[in-house]
2 protein chains.
Amino acid sequence: MSTTIYDVAAEAGVSMATVSRVVNGNPNVKPATRTKVLDAIQKLEYRPNAVARGLASKRTTTVGVIIPDISSIFFSELARGIEDIATMYKYNIILCNSDNNKEKEIHLVNTLLEKQVDGILFMGGEITEEHAEQLNRSHVPVVLAATFHEDGDFPSVNIDYVQAAKDAVMMLIDKGHERIGMVSGSLEDPVNGYQKFRGYKDALSSKGKEFDESLIAIGDYTYDSAIEAVQQLLSKDNRPSAIFVATDEMALGVIHGLQDQGINVPEDVEVVGFDNTRLATMVRPTLTTVVQPMYDIGAVSMRLLTKYMNKEEVSDGVVVLPHRLEYRNSTKA
Amino acid sequence: MSTTIYDVAAEAGVSMATVSRVVNGNPNVKPATRTKVLDAIQKLEYRPNAVARGLASKRTTTVGVIIPDISSIFFSELARGIEDIATMYKYNIILCNSDNNKEKEIHLVNTLLEKQVDGILFMGGEITEEHAEQLNRSHVPVVLAATFHEDGDFPSVNIDYVQAAKDAVMMLIDKGHERIGMVSGSLEDPVNGYQKFRGYKDALSSKGKEFDESLIAIGDYTYDSAIEAVQQLLSKDNRPSAIFVATDEMALGVIHGLQDQGINVPEDVEVVGFDNTRLATMVRPTLTTVVQPMYDIGAVSMRLLTKYMNKEEVSDGVVVLPHRLEYRNSTKA
DNA sequence: CTGAAAGCGCTAACAA
DNA sequence: TTGTTAGCGCTTTCAG
């Protein structure tokens, strides 16, 4: 069949062990021998079999990545950060979509473990007990990216969602807004729902403002759902003069939903988004938003994972990346 | 270490061969034995080692996917189609970004082949001789998705780009436009550049219209580059009254570039995009565009690949999916 | 229906 | 510096 290490050994007139050494860059090989082997490799177009190597060495240089939905503009950018760093450290990636579905997630973890990945990078809504159990059913390191875990016993990379949301709403309050609306994701969702919602409430209470439930509308992260959510907010008699939106895509929906009703942004209503995806500059007016560095979250989490896979010392496995507000034209100057 | 097929065999009081049969669903096992084995598997929490299996069977149930950039809204949707069908057929995916860089692409093919993938799904600008050679340096099947190959000796899934572009421009001509601009990708780029450009010219000549180079502006597929491209078109004295844009993202740039100059879309200038990404409905006015079914291209190409991997008969390896125009508000009714 | 045994292609001691 | 030799955990004949 295809040429093996034995063929190369025979061609070069050495033992297979020597070929293995050359292939693996082991320095204990006489330069002359190395050359002979390299020539044989080239002549036979030898290509090492990573599967055999993986079986013998118990390292596959492959990591599993579980992501809710790669077609989401948010996660795809995160994935790019992951992949770039993985490549840098010579790892390949097995990419799996979970749709945030718990059964799928657990099934995927198992599949990845069967494939003997050297580590797992997990993105999802939440880590339950069952997740933790399955993830620990093996000794491979796991890093959580943009994912919530109450007990914090997994390494993870996030921003401070509560504080970030609070910052955005505080800014709105400081501009004098009395009624600030929020278009949130499902409150069952730890990150995009609950934590951002909590930041919203924290901001209100820290400024001594009353919370008014009628100012909250729930979307499902799609553009269209946000258009509907905004209608809901507008149908109340006491309209908000500013709206904080949990994601950029929904923020575009909010802006257009407002404009479709003849309401001007930011003159009549100011809008603030969250994420700073590429969408934020692709609307008129351009979107003021909380910057969440997706690419960096991916990159940093992959870097962290490589440290664990190499058994390097890690001082702090729970990393919180900085966030900030990017002011554009959906808020007044 | 971790439990192996031997441990299970011992626990169940059978041979490892029998365990293997049970795990692989081989029907030649007495139900009673099967139950014993299954119990042992459960008790020991046995998880088959896919790497060992791959080495022994020469099948890894893994396919390699080479994609220019997963963070692109276009490719990430394609990737989702690929992944869904792969999952359906029990394959996993190793995802690699190539940035459309020939050296990287060739390197990646080699890496994937080392990892013993059962097949390769390739997306990229173009397949050169060198690509073809590397791809054939192994007997694994290869399918091209949304990728151009002159000689057509690889199976592939595409739409008819020339015809699709031609349809869009014809429509514009039929509406009475005398001067139709185009914002194109680089003409070196076979699909997004050259083919769509050819469709544009074909439409013109089939209607007996003169080609005017000053109506063409080149972008690099980004939103911002399209804004610049539009300035260029507007700076000429004989402005176009309609613009055909090679991708949706650039079309958004064109629309906003126009609006920023106080030009109304579609009243003053009509705009037609290409792809029908989710962006198309996320602008005001919403974008009239050529529908390219990205998800389907991914799904169909993966399905095609599974057929080759299973050595099924394939009647036609070169599939051309239908396209159509979706009329929205960036063109007049 | 079940077991024994020979690999799959490579790494990693251990010797020499 | 190089070779020998066990495995890694599984699939797959081939017997029985």
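Source: prediction; values computed, not measured.

Parameters and conventions
- Residues numbered from 1 in each chain as written.
- Chains lettered and ligands numbered in written order.
- Predicted model: local features only at pLDDT ≥ 70, side-chain atom pairs only at ≥ 80, totals over all residues.
- Heavy atoms only, no water.
- Helix = DSSP H or I, 4+ residues; strand = E, 2+ residues; numbered from the N terminus.
- Rg over C-alpha atoms; globule rule 2.2 N^0.38 Å.
- Buried < 20%, exposed > 50% of the residue type's maximum accessible area, 1.4 Å probe, protein only.
- Areas by Shrake-Rupley, 256 points an atom, 1.4 Å probe, with all protein chains shown as cover.
- Domains from an automatic or database assignment.
- Contact = heavy atoms within 4.5 Å.
- Buried area = accessible area lost by both parts, 1.4 Å probe.
- Salt bridge = Lys/Arg side-chain N within 4 Å of Asp/Glu carboxyl O.
- Polar contact = N/O pair within 3.5 Å; in protein donor to acceptor, adjacent residues only side chain to side chain.
- Nonpolar A, V, L, I, M, F, W, Y, C, P; charged D, E, K, R; others polar.
- Phe/Tyr/Trp six-rings, centres within 6.5 Å; stacked < 30°, edge-to-face > 60°.
- Lys NZ or Arg CZ within 6 Å of the ring centre and 35° of its normal.
- Lys, Arg positive; Asp, Glu negative; His and termini not counted.
- Near = heavy atom within 4 Å.
- Pairing = 2+ DSSP bridges.
- Axes fitted to C-alpha atoms, helices over the stretch in contact; angles between N-to-C directions.
- Core = buried A, V, L, I, M, F, W, Y, C linked by side-chain atoms within 4.5 Å.
- Least-squares fit on C-alpha atoms with pLDDT ≥ 70 in both.
- Patch = residues over 30% accessible without salt bridge, like charges linked within 9 Å, V, L, I, M, F, W, Y side chains within 5 Å.
- Charge placed at Lys NZ, Arg CZ, Asp CG, Glu CD.

J.: Before we go on, may I ask you to explain the overall build of chain A in this structure?
T.: On a plain count of helices and strands, chain A comes out with twelve helices and twelve strands. Its C-alpha atoms give chain A a radius of gyration of 26 Å, more than 25% over the compact-globule value 20 Å for 333 residues. Its C-alpha atoms put chain A at 90 × 40 × 35 Å along the principal axes. Burial statistics for chain A: of 333 residues in total, 56% are counted as buried. Taken as a whole, chain A presents about 14300 Å² of accessible surface, with 48% of it coming from carbon and sulfur.

J.: How should I be thinking about the domain arrangement of chain A in this particular structure?
T.: When the parts of a complex come together, some accessible area is lost, and that lost area is often used as the size of the interface. Residues and elements named next belong to chain A. Domains assigned within chain A are domain 1 (5–48), domain 2 (61–159 + 294–321) and domain 3 (161–293). Taken together, the 13 residues of domain 2 in the interface contact twelve residues of domain 3. Roughly 1200 Å² of surface becomes buried between domain 2 and domain 3 when both sides are summed, with 68% attributable to carbon and sulfur atoms. When the buried surface of domain 2 facing domain 3 is broken down by residue, Ile73, Ile159 and Met294 rank first, second and third, together holding 52% of it. Across the contact surface, domain 2 and domain 3 share zero salt bridges. Scanning the region where domain 2 abuts domain 3 turns up five residue pairs in polar contact (both at pLDDT 80 or more). Elements that contribute at least two residues to the side of domain 2 that touches domain 3 include exactly helix H5 (73–88), strand S5 (156–159) and helix H12 (294–309). The dominant element in the side of domain 2 that touches domain 3, judged by the number of residues it contributes, is H12, at four residues. Class assignment for the residues of the side of domain 2 that touches domain 3 results in nine nonpolar, two polar and two charged.

J.: Before we go on, may I ask you to explain the pattern of salt bridges in this structure?
T.: When the charged atoms of two side chains lie near each other, side chains of opposite charge can form a pair. Taken as a whole and judged by the stated rule, the model has 28 salt bridges over all chains. Its salt-bridge partner being Glu270 of chain A, residue Lys175 of chain A comes within 2.7 Å of it at the nearest N-O pair. One end of the pair, Lys175 of chain A, is in the loop between helix H8 (161–174) and strand S6 (180–184); the other, Glu270 of chain A, is in strand S9 (residues 270–275), and 95 residues separate them in sequence. Each of Asp69, Asp99 and Lys104 of chain A together with Arg80 and Asp84 of chain B takes part in a single network of salt bridges with overlapping partners.

J.: What exactly am I supposed to notice about the packing of aromatic side chains here?
T.: Aromatic ring pairs: the centre-centre distance and the angle between the two ring planes describe each pair. In the structure shown here, the tally under the stated rule is twelve aromatic pairs over all chains. Ring geometry for Tyr161 of chain A against Phe274 of chain A: centres 6.3 Å apart, planes inclined by 25°, an arrangement best described as stacked. Within this pair, whereas Tyr161 of chain A is found in helix H8, its partner Phe274 of chain A is found in strand S9, the two being separated by 113 residues in sequence. Each member of the pair Tyr161 of chain A and Phe274 of chain A is classed as buried. Here Tyr200 of chain B and Phe211 of chain B contribute two aromatic rings whose centre-to-centre distance is 6.4 Å and whose plane-to-plane angle is 80°, an arrangement assigned as edge-to-face. Pair noted here: Tyr200 of chain B is in helix H9 (residues 190–206) and Phe211 of chain B is in the loop between H9 and strand S7 (216–218), with a separation of eleven residues, a long-range link. On the accessibility criterion, Tyr200 of chain B (1% relative accessible area) is buried. The residue whose ring lies beneath Lys196 of chain A is Phe274 of chain A, and the NZ or CZ to ring-centre distance is 3.9 Å. Geometry around Phe211 of chain A places Lys201 of chain A over its ring, the cationic atom sitting 4.8 Å from the centre.

J.: Would you mind showing me how to read the side chain of Arg47 of chain B here?
T.: Its location among the elements puts Arg47 of chain B in the loop between helix H3 (31–44) and helix H4 (50–57). One buried charged side chain, Arg47 of chain B, makes no salt bridge at all; its nearest oppositely charged neighbour is Glu114 of chain A, positioned 5.8 Å away. A polar atom in the side chain of Arg47 of chain B sits 3.1 Å from the backbone oxygen of Arg137 of chain A. Contact partners of Arg47 of chain B, with chain neighbours within four places excluded, come to Asn110, Leu113, Glu114, Arg137 and Ser138 of chain A.

J.: Mind showing me how you'd approach the protein's contact with DNA strand D here?
T.: Inspection of the region around DNA strand D gives 27 residues, with Arg21 and Thr33 of chain A together with Ile5, Ser20 and Tyr46 of chain B positioned closest. Of what DNA strand D places within 4 Å of the protein, 60% of the atoms are sugar or phosphate. Backbone polar atom of Lys30 of chain A to a phosphate oxygen of DNA strand D: 2.8 Å apart, as the coordinates give it. In this structure, Ser20 of chain B approaches DNA strand D through a side-chain N or O atom, which is 2.6 Å from a phosphate oxygen. Looking at the surface near DNA strand D, the elements with two or more residues in it are helix H2 (16–23) and helix H4 (50–57) of chain A together with helix H1 (5–12), helix H2 (16–23) and H4 of chain B. In the surface near DNA strand D, the residues fall into 14 nonpolar, nine polar and four charged.

J.: I would appreciate a short explanation of the sheet that holds strand S8 (residues 242–245) of chain A in the present structure.
T.: Sheets are built from strands paired through backbone hydrogen bonds, the pairs being either parallel or antiparallel. Residues and elements named next belong to chain A. Pairing in this open sheet of six strands is mixed, and the strands run S7-S6-S8-S9-S10-S12 from one edge to the other. Every interior strand has two partners, whereas the edge strands, strand S7 (216–218) and strand S12 (324–326), have only one. Put simply, the sheet's adjacent strands are angled 20° from each other on average, direction ignored. Where S8 lies against S9, three bridges are found, and the strand directions are parallel. Its bridge partner being in S9, Phe244 is matched across the sheet by Val272.

J.: Would you mind showing me how to read the nonpolar core here?
T.: Soluble globular proteins: nonpolar side chains tend toward being buried together. The biggest cluster of nonpolar side chains holds 108 residues, and the ones touching the most others in it are Leu78 and Met302 of chain A together with Met302 of chain B. Once residues within four sequence positions are removed from consideration, Met302 of chain A is found in contact with Val63, Ile82, Ile85, Ala86, Tyr91, Leu121 and Met309 of chain A. Of all hydrophobic cores here, the second largest spans 56 residues; its members include Ala226 of chain A together with Tyr223, Ala246 and Ile255 of chain B.

J.: Just to check I follow, could you spell out the relation of the copies chain B and chain A for this structure?
T.: One copy of the chain maps onto the other through a rotation about an axis plus a displacement along that axis. After a rotation of 180° and a shift along the axis of 0.0 Å, chain B superposes on chain A with an RMSD of 0.0 Å. Given the turn and translation reported, the copies of this chain are related as if by a two-fold rotation axis. Distance from the rotation axis, computed per C-alpha, reaches its smallest value in chain B at Ile94 of chain B: 2.2 Å. Of all interface residues in chain B, 100% are interface residues in chain A too; the two copies therefore contact each other through one and the same surface.

J.: Please explain the protein's contact with DNA strand C as it appears in this structure.
T.: Close to DNA strand C lie 28 residues, the nearest being Ile5, Ser20 and Tyr46 of chain A together with Arg21 and Thr33 of chain B. Sugar plus phosphate, as a fraction of atoms of DNA strand C within 4 Å of the protein: 62%. Ser15 of chain B is positioned such that a nitrogen or oxygen atom in its backbone is 2.9 Å from a phosphate oxygen of DNA strand C. Those elements that place two or more of their residues in the surface near DNA strand C are helix H1 (5–12), H2 and H4 of chain A together with H2 and H4 of chain B. Among the residues forming the surface near DNA strand C, the class breakdown is 14 nonpolar, nine polar and five charged.

J.: So what exactly am I meant to see when it comes to a negative patch on the surface here?
T.: Residues and elements named next belong to chain A. On the surface, Glu126, Glu129, Glu133, Glu150, Asp151 and Asp153 cluster together into a patch of negative charge. Inspection of the secondary structure assignment puts Asp153 in the loop between strand S4 (142–145) and S5. Judged by its relative accessible area of 54%, Asp153 is exposed.

J.: How should I be thinking about the sheet that holds strand S6 (residues 180–184) of chain B in this particular structure?
T.: Residue and element names in this part refer to chain B. With mixed pairing, the six strands of this open sheet are ordered in space as S7-S6-S8-S9-S10-S12. Edge strands, defined here as strands with exactly one partner in the open sheet, are S7 and strand S12 (324–326). With strand direction ignored, the average angle separating the axes of adjacent strands in the sheet is 20°. As paired strands, strand S9 (residues 270–275) and strand S10 (residues 288–291) are joined by four bridges and run parallel to one another. Directly across from Phe274, in S10, lies its bridge partner Val290. Relative to the sheet, H9 contacts S6, S7, strand S8 (242–245) and S9, its axis offset from that of S6 by approximately 170°.

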